[in-house]
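Each chain is listed here by its residues.
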Amino acid sequence: MNSAERLRELAIRREAFGWLDRQRASGKETFTQEDTSGLTLAGETIRLMPTQQGIWKPGHLEAALSIRTVYRPEGSARPYDDAVGRDGFYRYKMRGQDADHHENRALRTAMLERLPLIWWLGVQGGGYSAIYPVFLVAEERESQQFVVDIDQVPQLDINWPSTDLELDPSYRQQLTKMRLHQRPFRAAVLRAYRTSCAVCSFRHGDLLDAAHIQEDSGGGRPVITNGLTLCKMHHAAYDRHILGITADYEVRINSDVLREVDGPMLRHGIQEFHGRRLMVVPEQRNQRPDRQLLDERYRTFLNAG
Ligand SMILES: [Zn+2]
């Protein structure tokens, strides 16, 4: 690849990531084929997602621009876990058996030229969320797969566990699994709650989290029924057992905190929710919070109080 070609590849990627950043800033987390087609980036009309297979290389580029993994509800407890290696890096399968298939060559070009890609991960309930930039860092040709690094750039709007705590390869493997599903989990849970805090119905996407009912580290699954959309304040209160949610979707506040006297934030933001029902739950019954998981978590809240 000559330097003009490389600059063109980089320009399109830079504009594609900028477009995704803006979408995300406006609260959009889940994308369809249609949303990501017919864009004008770096002066060219382009789409960002493959239509048929998992690998997408636009006709006028040399390197693959994106890869895609569909959501798989059945089987594995977490949809993307099966392909995380012991070293903690994800493996992306080549297309078919032929390592020199043009789509596999396009992936190899991205790897050799160190060009970042977009990785589309299927979201429970439909659509895809985007992890970007990701890099292909090695090829395992005998296993017909590439090694993917998703850690080059921190994803500021989600709570990824820190790699500073990295202890051993199995821990790193666990972290990668947790990180990999965080983005599509957030997209699915925010959509199910119509981008509103379940407790207070606050609707500013930048200040909303997809909280786990059963903790990720405790084996909690990244599915909508194990999630709650909570604003930053209520997420922190839930995690610190200041706020509990019963199996009947009622909010409880820790008794010591109920007696505290402070300013309006404590009174209106926390204490007044004691005894109220959740203000927002998913419209579809099969997406509402799992009552058994809520109950287990609620017992922890009671014990902490
Ligand atoms: Zn809230």
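From a predicted model like this one, the values you see are computed outputs, not experimental measurements.

### Here's the deal with unusual backbone geometry
Step number 1: The linkage connecting Tyr-132 with the following residue, Pro-133, adopts the cis geometry, with an omega of -10 degrees.
Step number 2: Residue Ala-42 is not a glycine yet carries a positive backbone phi of 50 degrees.
Step number 3: For Ala-42, the position within the fold is in the loop between β1 (39–41) and β2 (44–46).
Step number 4: In this structure, Thr-195 is a non-glycine residue whose phi angle is positive, near 50 degrees.
Step number 5: Along the polypeptide, Thr-195 turns up in the loop between α3 (169–192) and β9 (208–212).
Step number 6: Look at Thr-195 and you get partly exposed, because its relative accessible area is 24%.

### Some points on the coordination of the zinc ion
Step number 1: Around the zinc ion, the donor atoms from the protein are Cys-197 (SG), Cys-200 (SG), Cys-231 (SG) and His-234 (ND1), and they sit 2.1 to 2.3 Å away.
Step number 2: In this structure, the zinc ion is surrounded by four donor atoms whose angles at the metal cover 96 to 119 degrees, and the resulting shape is tetrahedral.

### What about the sheet that holds strand β3 (residues 55–56)?
Step number 1: Read across the sheet, six strands follow the order β3-β4-β6-β7-β8-β5 without closing on themselves; strand pairing throughout is mixed. Each of the sheet's edge strands pairs with one partner strand only, and the pair in question is β3 and β5 (90–93).
Step number 2: As defined by bridge partners, strand β7 (residues 128–140) adjoins strand β8 (residues 145–149) across five bridges and the pair is classed as antiparallel. Residue Leu-136 lies in a different strand from β8, and its bridge partner there is Val-148.
Step number 3: Along the sheet face, helix α1 (residues 3–25) touches β6 (117–122) and β7 and points at about 145 degrees away from the line of β7.
Step number 4: Across the face of the sheet, helix α2 (residues 102–112) comes into contact with β3, β4 (66–69), β5, β6, β7 and β8 while running at roughly 85 degrees to β7.

### Observations concerning the side chain of Gln-287
Step number 1: Summarising the element assignment, Gln-287 is placed in the loop between α6 (264–269) and α7 (291–304).
Step number 2: Owing to a relative accessible area of 16%, Gln-287 belongs among the buried residues under this scheme.
Step number 3: If we ignore the near neighbours within four places in the chain, the residues touching Gln-287 are Ala-192, Ile-224, Thr-225 and Pro-282.

### With respect to the packing of aromatic side chains
A ring pair, where both rings are aromatic, is described by two values, the distance of the centres and the angle of the planes.
Step number 1: All told, the structure shown has five aromatic pairs when counted by the stated rule.
Step number 2: Between Tyr-298 and Phe-301 the ring centres are 5.5 Å apart and the planes differ by 20 degrees, which places this aromatic pair in the stacked class. Note that Tyr-298 and Phe-301 are positioned in helix α7 at a spacing of three residues, about one turn of the helix. The residues Tyr-298 and Phe-301 share a single accessibility class, namely buried.
Step number 3: Cluster of aromatic residues (ring-pair linked, three or more members): Trp-19, Phe-31 and Trp-120.

### Remarks on the environment of Glu-139
Step number 1: Tracing the chain through its elements places Glu-139 in strand β7.
Step number 2: For the pair formed by Glu-139 and Glu-15, sequence separation is 124 residues and the distance between their alpha carbons is 27 Å.
Step number 3: Not counting the four nearest positions on each side in its chain, Glu-139 is found in contact with Met-94, Arg-108, Met-111, Gln-145 and Phe-146.
Step number 4: Within the structure, the side chain of Glu-139 is placed 2.8 Å from the side chain of Arg-108, a separation counted as a polar contact.
Step number 5: Here Arg-141 takes part through its side chain, which lies 3.1 Å from a polar atom of the side chain of Glu-139.

### Details of α7
Step number 1: For α7, which comprises 14 residues, the first-to-last C-alpha distance of 20 Å matches the rise-based estimate of 20 Å (1.5 Å per residue) to within 8%.
Step number 2: Of the positions making up α7, those classed as buried are Leu-293, Leu-294, Arg-297, Tyr-298 and Phe-301. Take α7 and look down its axis: the buried residues cluster within an arc of 135 degrees, on one side only. α7 presents Gln-292 and Asn-303 as exposed residues on the side facing more than 90 degrees away from its buried surface.
Step number 3: In the core, the buried residues of α7 are packed alongside β9, α4 (232–239), β11 (243–245) and β12 (251–253).

Calculation rules
- Residues numbered from 1 in each chain as written.
- Predicted model: local features only at pLDDT ≥ 70, side-chain atom pairs only at ≥ 80, totals over all residues.
- Heavy atoms only, no water.
- Helix = DSSP H or I, 4+ residues; strand = E, 2+ residues; numbered from the N terminus.
- Buried < 20%, exposed > 50% of the residue type's maximum accessible area, 1.4 Å probe, protein only.
- Donors = N, O, S within 2.8 Å, 3.2 Å for Na, K, Ca; no water.
- Tetrahedral: all angles 85-135°; square planar, octahedral: opposite > 155°, others 65-115°.
- Pairing = 2+ DSSP bridges.
- Contact = heavy atoms within 4.5 Å.
- Axes fitted to C-alpha atoms, helices over the stretch in contact; angles between N-to-C directions.
- Phe/Tyr/Trp six-rings, centres within 6.5 Å; stacked < 30°, edge-to-face > 60°.
- Polar contact = N/O pair within 3.5 Å; in protein donor to acceptor, adjacent residues only side chain to side chain.
- Expected span 1.5 Å × (residues − 1).
- Arc of directions from axis to C-beta.

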